Amino acid sequence: MGIDDTTLLQLQQEQMASRKRKLREAVSIARAEKKVNFPVEVFPIFCQEMIQAYAKIFGCATEHYGLSILTVAGAAAGNSIRVMERGNAHPAIMYSVIVDKPSTGKSPILETCISPLWGLEKKYAEEHQRAYEEYTAAVRRGEAVGDPPPRREIVLGDFTVESVYRVLHANKRGVMIFRDELSGFLRGMGRYAKSGGNSEEAFWLEAWTGQGYKINRRNEGAMFLSSIFCSILGTTQPTIIQEFAGGSKALNGFLARFLFSFPDDSQKLAHKNEKPSPVFREKWAWMVQLIASISPGEQGEPHFIHLSDKAQRLYAEFYNRNAEEINQCDDEVTEAILGKFDTYCLRIALALEILSWAEEWMKIGYAEVPDSERDHIVVGTASMEGAIKLCR
């Protein structure tokens with residue numbers, strides 16, 4: 001017996017409604033299964049004070065600041081440091097999205113948290129200009145050998161996926177994609193697939209792992225990246241998330257790779273004739289500079305650190321509880337999201353540890369930390385407990 005057009009349309013509508021319902025549930029899990037206060041106390045003391053001061057004046061959700069701080073700290077460290085767990089190296093790569101209604105102050109949060117990275121960009125641009133001038137002078141003297149010096153970068157805003165390949169090839173430490181509004185970036189995930197190449201979505205699925213990646217381009221040949229570090233930070237609105245999560249993204253693990261700061265009751269705060277102390281910006285820039293001073297190995301390879309014995313036990317307990325929840329789950333979208341918590345717990349613990357490490361060196365007045373001191377970094381109990389709180 002055939003199905004008439006009306007019945008077929010009804011079936012399609014029911015399937016679409018079911019998919020939207022599952023996506024709403026999936027996003028709610030990414031936000032939190034139950035409403036709890038964001039655990040600001042897991043951050044180092046300075047970061048706690050900064051988060052609370054800015055939230056009091058501008059009224060934005062503390063989780064917006066928290067996620068931005070973690071992402072920027074991870075980006076400042078980049079490929080210089082990874083945490084080892086059972087033989088696997090985990091970078092502090094985070095795909096982070098600040099989700100909130102219009103005019104609730106999302107942009108000022110990002111501007112505050114990312115400002116130290118723009119300072120590093122300015123420093124790198126000046127260093128490159130001097131190096132390029134020396135190179136061109138050597139060319140004129142007939143003494144130059146090889147290609148012009150590559151420009152070091154840490155933030156990319158306006159880019160194509162091909163330009164990301166080239167920048168990562170020249171910047172082994174890695175970069176962070178920053179978009180104040182991520183909707184255009186998210187909508188561009190299907191580009192290049194129609195022409196027979198890999199889509200941008202395929203690249204970002206692979207890049208999240210931080211492993212090697214090989215690119216073949218018709219006019220440029222093969223390019224191999226031995227270890228990728230590329231985080232993402234930006235904002236969007238709740239309606240864009242529903243669009244972003246459509247199609248195959250919820251099922252292929254793309255959605256699960258993103259951390260969403262998505263408060264339930266965000267409201268625009270009335271104007272206060274106050275402003276945060278400039279000391280917060282100064283000290284935050286200081287901490288980011290200290291993290292950025294962690295140098296990789298002689299060949300540009302990451303420095304590998306480990307969990308303390310207690311942190312390892314805590315992580316194993318978290319891992320097992322998460323595994324039980326996954327095994328009891330009957331929805332593949334939810335399973336995919338929960339499955340990424342294993343890795344994100346380690347990445348967040350690493351970010352919290354390097355924040356605490358930077359705060360300690362800031363207290364004693366260091367602008368840069370000797371290379372030998374990176375050997376003493378260990379992800380400790382407090383950082384692991386904090387990461388587990390944030391992942392619950």
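Residues numbered from 1 in each chain as written. Predicted model: local features only at pLDDT ≥ 70, side-chain atom pairs only at ≥ 80, totals over all residues. Heavy atoms only, no water.

K.L.:
When you look at helix α3 (residues 62–77) in this model, what are you seeing that I'm missing?
P.N.:
Along an α-helix, residues three or four apart share an orientation, since each turn contains 3.6 residues. For α3, which comprises 16 residues, the first-to-last C-alpha distance of 23 Å matches the rise-based estimate of 22 Å (1.5 Å per residue) to within 8%. α3 sits mainly inside the fold: 14 of its 16 residues count as buried. G78 lies just past α3 and shows a positive phi near 55°. (Helix = DSSP H or I, 4+ residues; strand = E, 2+ residues; numbered from the N terminus. Expected span 1.5 Å × (residues − 1). Buried < 20%, exposed > 50% of the residue type's maximum accessible area, 1.4 Å probe, protein only.)

K.L.:
Sorry, what's going on with the sheet that holds strand β4 (residues 155–156) here?
P.N.:
In a beta sheet, neighbouring strands are held together by backbone hydrogen bonds and run either parallel or antiparallel to one another. Strand order in the open sheet formed by 5 strands is β4-β5-β8-β3-β9, and the pairing between neighbours is parallel. In the strand order of this sheet, the two ends are held by β4 and β9 (258–261), each with one partner. Note: strand β5 (residues 175–179) against strand β8 (residues 230–236), 5 bridges, orientation parallel. Of the residues in β8, the one forming a bridge with M176 is S231. Lying over the sheet, α3 contacts β3 (95–99), β5, β8 and β9, oriented at roughly 155° with respect to β3. (Pairing = 2+ DSSP bridges. Contact = heavy atoms within 4.5 Å. Axes fitted to C-alpha atoms, helices over the stretch in contact; angles between N-to-C directions.)

K.L.:
Can you walk me through the sheet that holds strand β1 (residues 81–85) in this structure?
P.N.:
In spatial order, the strands read β2-β1-β10; together these 3 strands make up an open sheet with mixed pairing. Every interior strand has two partners, whereas the edge strands, β2 (88–90) and β10 (303–305), have only one. On average, adjacent strands in this sheet sit at an angle of 40° to one another, irrespective of strand direction. Pairing analysis gives 3 bridges linking β1 to β10, with the strands arranged parallel. Across the sheet, the residue bridging to V83 is I305, located in β10.

K.L.:
Just checking my understanding: could you explain the nonpolar core for this structure?
P.N.:
One recurring pattern in soluble globular proteins is that nonpolar side chains are buried together. Of all hydrophobic cores here, the largest spans 115 residues; its most connected members are L117, F203, W204, W284, L355 and M384. Here M384 is in contact with L307, A311, L314, Y315, C345, L346 and A349, once residues within four sequence places are set aside. (Core = buried A, V, L, I, M, F, W, Y, C linked by side-chain atoms within 4.5 Å.)

K.L.:
Hey, could you run me through the packing of aromatic side chains in this one?
P.N.:
The geometry of an aromatic ring pair comes down to the distance between the two centres and the angle between the two planes. This structure, assessed with the given rule, holds 20 aromatic pairs. Ring geometry for Y165 versus F203: centroids 5.1 Å apart, planes at 70°, classification edge-to-face. In this pair, Y165 sits in helix α5 (residues 161–170) while F203 sits in helix α7 (residues 200–207), placing the two residues 38 residues apart along the sequence. Overall, Y165 belongs to the buried group, its relative accessible area being 6%. A connected cluster of aromatic rings, assembled from ring pairs, spans Y95, Y165, F203, W204, Y213, F254, F258 and F260. Over the ring of Y319 we find R86, and its NZ or CZ is 4.9 Å from the ring centre. The ring of Y344 carries the charged tip of R347 above its face, separated from the ring centre by 5.7 Å. (Phe/Tyr/Trp six-rings, centres within 6.5 Å; stacked < 30°, edge-to-face > 60°. Lys NZ or Arg CZ within 6 Å of the ring centre and 35° of its normal.)

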